[in-house]
Amino acid sequence: MMGVVASGRAVIEVADLRKSYGPHEAVRGLSFTVSRGEVYGLLGPNGAGKTTTVEILEGHRRRTSGHVQVLGSDPGKRAPELLARIGIVLQQCGLYPHLTVTEAVSHWAGLHAAPRDVDEVIALVGLTDAREQRSGTLSGGQSRRLDLALALVGDPEVLFLDEPTTGFDPAARRAAWATIRDLRALGKTVLLTTHYLDEAQALADRVAIIKDGRLVAEGAPAELGAGAASYRVAYRLEGTHYEQETEDPTELLHRVTAEALSRGQRLDGLSVTRPTLEDVYLGLTTEEAVPA
Ligand SMILES: Nc1ncnc2c1ncn2[C@@H]1O[C@H](COP(=O)(O)OP(=O)(O)OP(=O)(O)O)[C@@H](O)[C@H]1O
Ligand SMILES: [Mg+2]
């Protein structure tokens, strides 16, 4: 499946984006586009520049240079019409500690023209039982769920989710995935960052792997895994572990199994696998940095 959706123009456009903090260039010429209805994942090690990029797209940080558009507008201008059409989960949040969950979500809903139903959104993120609790007293995972509720309640066209499920228990993470899939089914566009590669694999139509402020790979999660290397064939023979990469596992399996059989041997634990997104990610992000 190709990740790029044919329908219309890009909802998010980033071209040669750069951002320096003093002498440190955190984003070094990033370019990518996200189409309407797409879930696009930004992956990369701590400090790669993901939050910087997302916050520039949200209008929360100024870029040093480059071109950025969200829904056809420059988010740097912070036009209220644009801000009303986007929803945000910040990496660090904790707004409104003194308000209850219901009060916080209602307050946020009131800032939007056509909000979703407050109770429904609270139920969607699994906070119904905590709805009268003050936000400041929520557990870590519960307060992340509140962040997600605040992003959803305005019924935005575009969602920026910066590590939206960090601290979620496994069931809550699955529930959040279902919510994000529902958003995509409604034609919403989602830009998300995550350190959970299973999350990227499960949700993202395409991912970009970012390292030191540069894009080092982009594609559908399955294509990235498949494109990087071929197949890996592994087996044990007389106590020794063998592992080979090949473009043509049929030929390789035929050869090694025929040789083994002709000697009356067995290949133990024979497996054929493809590199996972995690293999590709680690291969691209843990190599020694190439000097700029
Ligand atoms: N306000 C700031 N002032 C100075 N440097 C900053 C600021 N914000 C971020 N940086 C630096 O910019 C780089 C990119 O940071 P950023 O927060 O974008 O990374 P990230 O990819 O989101 O990382 P993480 O996975 O840890 O969230 C880091 O080296 C960070 O120290
Ligand atoms: Mg970050």
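Residues numbered from 1 in each chain as written. Chains lettered and ligands numbered in written order. Predicted model: local features only at pLDDT ≥ 70, side-chain atom pairs only at ≥ 80, totals over all residues.

Draft legend 1. A look at the overall build of the chain. Broken down by element type, the chain carries 10 helices and 12 strands. Expressed as lengths along the three principal axes of its C-alpha atoms, the size of the chain is roughly 75 × 45 × 40 Å. The 292 residues of the chain split such that 36% are buried. Put simply, 67% of the contacts in the chain that link residues at least 6 apart link residues at least 24 apart. (Helix = DSSP H or I, 4+ residues; strand = E, 2+ residues; numbered from the N terminus. Buried ≥ 20, exposed ≤ 12 C-beta atoms within 10 Å, placed from the backbone. Contact = placed C-beta atoms within 7 Å.)

Draft legend 2. A look at the site of ligand 1. Around ligand 1, the structure places 11 residues, and the nearest of them are Y21, A26, N46, T51 and T52. Grouping the amino acids of the shell around ligand 1 by side-chain chemistry returns three nonpolar, seven polar and one charged. (Near = placed C-beta within 6 Å. Nonpolar A, V, L, I, M, F, W, Y, C, P; charged D, E, K, R; others polar.)

Draft legend 3. Structural view of the nonpolar core. Within the largest apolar cluster, 63 residues are counted, with the highest numbers of intra-cluster contacts made by V105, V121, A149, V153 and L191. For V121, the contacting residues outside a window of four places in its chain are V105, R116, A149, L152 and V153. (Core = buried A, V, L, I, M, F, W, Y, C linked by C-beta atoms within 7 Å.)

Draft legend 4. Region of the structure containing the sheet that holds strand β4 (residues 65-70). The antiparallel open sheet is built from three strands, whose spatial order is β2-β1-β4. Taken across any chain shown, the strands that pair with only one partner, and hence form the sheet edges, are β2 (24-35) and β4. Taken pair by pair, the neighbouring strands of this sheet meet at an average axis angle of 15 degrees, ignoring direction. Across nine bridges, strand β1 (residues 10-21) lies against β2 in antiparallel orientation. In the strand pairing of β2, E13 is matched with T33. Strands β1, β2 and β4 of the sheet are contacted by helix α1 (residues 50-57), whose axis makes an angle of about 120 degrees with β1. (Pairing = 2+ DSSP bridges. Axes fitted to C-alpha atoms, helices over the stretch in contact; angles between N-to-C directions.)

Draft legend 5. Highlighting the packing of helix α3 (residues 101-109) against helix α5 (residues 140-153). Following both chains from N to C, one finds α3 and α5 inclined at 25 degrees, their axes separated by 9 Å at the closest point. Our classification of the angle between α3 and α5 gives roughly parallel. Relative to α5, α3 is oriented so that their crossing is right-handed. Of α5, the residues touching α3 (which contributes V101, A104, V105, W108 and A109) are L146, A149, L150 and V153. In terms of residue class, the contact of α3 with α5 is made up of nine nonpolar, no polar and no charged. (Parallel < 35°, antiparallel > 145°, perpendicular 65-115°, else oblique. Left-handed = near helix turned anticlockwise from the far one by under 90°.)

Draft legend 6. Focus on unusual backbone geometry. Phi angles above zero are rare outside glycine, and R78 is one such case at about 50 degrees. Within the fold, R78 resides in the loop between β4 and α2 (80-83). Assessed through the 12 C-beta atoms surrounding it within 10 Å, R78 is described here as exposed.

Draft legend 7. Structural view of the sheet that holds strand β12 (residues 268-273). Pairing in this open sheet of three strands is antiparallel, and the strands run β11-β10-β12 from one edge to the other. Where the open sheet ends on each side, the last strands, each with one partner, are β11 (240-246) and β12. Averaged over all neighbouring strand pairs, the angle between strand axes comes to 10 degrees, with direction disregarded. Relative to β12, strand β10 (residues 231-237) runs antiparallel, the two being bridged by four bridges. Its bridge partner being in β12, R232 is matched across the sheet by T273.

Draft legend 8. Representation of helix α6 (residues 170-185) in the model. Taking 1.5 Å as the rise per residue, α6 with 16 residues should run 22 Å; its terminal C-alpha atoms sit 23 Å apart, in good agreement. Of all the positions in α6, only A176, I180 and L183 are classed as buried. For α6, the angular spread of the buried residues around the axis is 55 degrees, confining them to a single face. What points out from α6, more than 90 degrees from its buried face, is the exposed set P170, A171, A178, D182 and A185. In this structure, the buried side of α6 is in contact with β3 (39-43), α5, β6 (158-162), β7 (189-193) and α7 (197-203). Positioned one or two residues after α6, G187 has a phi angle of 90 degrees, which is positive. (Expected span 1.5 Å × (residues − 1). Arc of directions from axis to C-beta.)

Shape descriptors only; they carry no functional weight alone.
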